[in-house]
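Listed here are the chains, written in short residue letters.
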Amino acid sequence: MKPSEVPLEPPPRASRKAHSVVIVNTGDGKGKSTAAFGTALRAVARGWKVCVIQFVKSERWKVGEREIAMRLGVEWWTLGDGFTWDSRDMDRSQAVAREAWRVAREKIESGDYGLVVLDEVTYPMTWGWIPTHEVVSAIRSRPPAVNLIATGRDAPAELTELADTVTEMRNQKHAFDRGVRAIRGIDF
Ligand code: ATP
Ligand code: MG
């Protein structure tokens, strides 16, 4: 039987309940990270262990959501803190991004977390700092109960193909375009 001839019957009801899902928030509009953090709140509310890893260092070192998430017991890693690297042949930023990815992979593979958020992970992937195939394969072979959210513009096709849910935030307009600077309490 050719693939096109396989009857398109819905799977039995029970098998539709996924053990976990992969969510990608991408696009050029505002809301990718905040939607991920909102979901993290839901996960905390259900008693899950949650880990957030931020792959791009914020200019405003401590974003407010980090502060509150840590008070709620979320494990939160931001580039620069706690990461070490040992590399002579790599640019420092790349080495730190790779180290962040090493930590992230460890967290995913541990199976200890109900939700792992890879915030802004698409950027080091696009820049070639962390190999897309490595990220994709770690996500694909994750322990079955680990849900995962990846955020950032220009999500690579390999990542969106693997994801269960992909949302593209489309920028209609942003206050920044008319000169409004980032607002504490709204943007960080
Ligand atoms: P947020 O963290 O607010 O959900 P985001 O994750 O979708 O934003 P990033 O690209 O990570 O977007 O943006 C980092 C910062 O830039 C945030 O302070 C965000 O508010 C701001 N920002 C997001 N989208 C835009 C845009 N289209 N124009 C200008 N600034 C933006
Ligand atoms: Mg973001």
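The following paragraphs examine the structure supplied in this document. In this text, all values refer to a predicted model and were calculated from it rather than measured experimentally.

Here we take up the pairing of strand S2 (residues 50-54). Most of S2 is tucked away, with five of its five residues classed as buried. Neither face of S2 is open: one carries Val50, Val52 and Gln54, the other Cys51 and Ile53, and all of them are buried. Sheet topology note: the S2/strand S4 (residues 115-119) ladder contains five bridges and is parallel. Bridging from a neighbouring strand, valine 50 pairs with leucine 115 of S4. Pairing between S2 and strand S3 (residues 75-78): four bridges, direction parallel. Following the sheet pairing, valine 52 is matched in S3 by tryptophan 76.

Buried residues dominate S4, accounting for five of its five residues. Strand direction decides the pairing type here: S4 and strand S5 (residues 147-151), joined by four bridges, are parallel. Considered in S5, the bridge of leucine 115 is made with asparagine 147.

Take the sheet that holds S2 next. In space, the six strands of this open sheet follow the order S3-S2-S4-S5-S1-S6, with parallel pairing throughout. If you trace the sheet from one side to the other, it starts and ends with S3 and strand S6 (165-168), each paired once. Adjacent strand axes in the sheet meet at a mean angle of 10° when their direction is disregarded. Strand direction decides the pairing type here: strand S1 (residues 22-26) and S5, joined by four bridges, are parallel. Across the sheet, valine 22 pairs through a bridge with leucine 148, a residue of S5.

Parameters at a glance
Residues numbered from 1 in each chain as written. Chains lettered and ligands numbered in written order. Predicted model: local features only at pLDDT ≥ 70, side-chain atom pairs only at ≥ 80, totals over all residues. Heavy atoms only, no water. Buried < 20%, exposed > 50% of the residue type's maximum accessible area, 1.4 Å probe, protein only. Helix = DSSP H or I, 4+ residues; strand = E, 2+ residues; numbered from the N terminus. Pairing = 2+ DSSP bridges. Axes fitted to C-alpha atoms, helices over the stretch in contact; angles between N-to-C directions.

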